Amino acid sequence: MMADKTSGGNGDGSTGEKAQGTNGGLAESVDVKAALSQKITRISTGIPGLDEMLEGGIPKNRHVAVFGGPGTGKTTFSIQYLYAGAKAGETGLYLSLEEPPEQIITNAVNVFSDLKDLPEFFEGKILVKKPEAYNLDNVIEVIENAVVNQNATRVVVDSSTVVEAMFSNDYDYRKSIVEFLNLLKTLDTTVYFLVEASNAEIDIRYKLEHYIMDGIINLYNLQRGNSRVRALEIYKMRATNHSQKLVAMKITPQGIKVYPSEGVL
Ligand SMILES: Nc1ncnc2c1ncn2[C@@H]1O[C@H](COP(=O)(O)OP(=O)(O)OP(=O)(O)O)[C@@H](O)[C@H]1O
Ligand SMILES: [Mg+2]
């Protein structure tokens with residue numbers, strides 16, 4: 001397994017063991033025509049101001065990491081994404097690796113008490129499931145089943161931090177998560193990965209997810225004087241221009257609101 005990690009330094013573009021072992025030194029073939037004909041379509045985040053900050057929404061079938069410290073609103077933000085899908089007739093899956101699904105549902109309907117159609121969506125369009133603990137194969141199985149059999153087009157994995165904990169070293173985690181992401185790319189679904197940041201403040205320590213995901217949205221709960229203010233930023237989103245602003249965010253009974261014209265100092 002370590003051979004892949006250390007190969008690639010031959011100076012002639014060949015990659016040691018992997019190249020010899022697979023296709024005689026040739027890289028994977030690239031379908032340039034298919035790449036050129038790919039159009040970026042977008043899906044709504046369910047948060048009006050946020051869609052504007054993304055030139056209309058998240059690029060479809062991509063993977064977005066939602067980073068945030070405890071209580072910054074990662075779960076609530078994701079439920080709103082699934083709710084937006086459900087309103088548009090799409091099925092969504094919330095995969096909770098630790099928190100009981102019942103608690104996710106109860107909390108969501110309490111936080112978004114003005115969204116009167118939310119409770120019934122939990123009975124069909126928004127699936128909340130908990131795979132077997134620390135079993136990545138089962139995580140994949142549950143997602144595949146929802147996408148293939150129930151036509152889920154929006155998926156939330158809460159959290160990739162728990163997936164990471166299934167591996168004893170960074171290399172195994174990176175290899176498995178990249179394989180997992182590539183597998184997800186073959187399915188017609190857009191995925192949010194929730195990632196636990198180490199604290200609720202601005203955290204500039206880069207994690208693996210900063211590099212391997214297509215997009216990063218950071219959620220913050222910033223201390224200002226003797227209070228805290230919620231804030232959001234789009235840190236990265238491949239394939240689209242986006243706002244670079246740190247903007248105010250509020251959790252309200254009608255849903256999350258962001259204020260693109262209100263920067264946070
Ligand atoms: N009705 C409400 N109105 C406004 N804010 C609320 C309401 N209910 C809960 N909140 C806020 O939402 C926070 C929880 O949000 P959420 O569960 O989405 O965060 P999280 O980032 O997923 O947290 P964790 O890391 O613990 O999973 C609470 O700590 C509280 O501050
Ligand atoms: Mg949560």
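Conventions used here
- Residues numbered from 1 in each chain as written.
- Chains lettered and ligands numbered in written order.
- Predicted model: local features only at pLDDT ≥ 70, side-chain atom pairs only at ≥ 80, totals over all residues.
- Core = buried A, V, L, I, M, F, W, Y, C linked by C-beta atoms within 7 Å.
- Buried ≥ 20, exposed ≤ 12 C-beta atoms within 10 Å, placed from the backbone.
- Helix = DSSP H or I, 4+ residues; strand = E, 2+ residues; numbered from the N terminus.
- Expected span 1.5 Å × (residues − 1).
- Arc of directions from axis to C-beta.
- pLDDT = per-residue confidence, 0-100.
- Contact = placed C-beta atoms within 7 Å.
- Near = placed C-beta within 6 Å.
- Nonpolar A, V, L, I, M, F, W, Y, C, P; charged D, E, K, R; others polar.

Draft legend 1. Looking closely at the nonpolar core. Counting residues in each nonpolar core, the largest one holds 60 residues, and the members touching the most others are V66, L95, I126 and F193. Top element by residues in this core is helix α5 (residues 74-87). It accounts for seven residues.

Draft legend 2. Local environment of helix α10 (residues 170-185). Between its terminal C-alpha atoms α10 stretches 22 Å, which fits the 22 Å expected from 16 residues at 1.5 Å a residue. Residues I177, F180 and L184 constitute the buried set of α10. The buried residues of α10 occupy an angular sector of 60 degrees when the element is viewed end-on, so they sit on one face. For α10, the exposed residues set more than 90 degrees away from the buried face come down to D172, V178, E179, N182 and L183.

Draft legend 3. View of the confidence of the model for the protein. Per-residue confidence for the protein averages 88 on the pLDDT scale, and 91% of its residues sit at or above 70. The low-confidence segment residues 1-20 (pLDDT under 50) makes 15 contacts with residues lying over four places distant or belonging to another chain.

Draft legend 4. Broad picture of the site of ligand 1. The environment of ligand 1 is made up of G68, P70, G71, T72, G73, K74, T75, T76, V111 and I251. Looking at the shell around ligand 1, the element that brings in the most residues is α5, giving three residues. Here the shell around ligand 1 is composed, by residue class, of three nonpolar, six polar and one charged.

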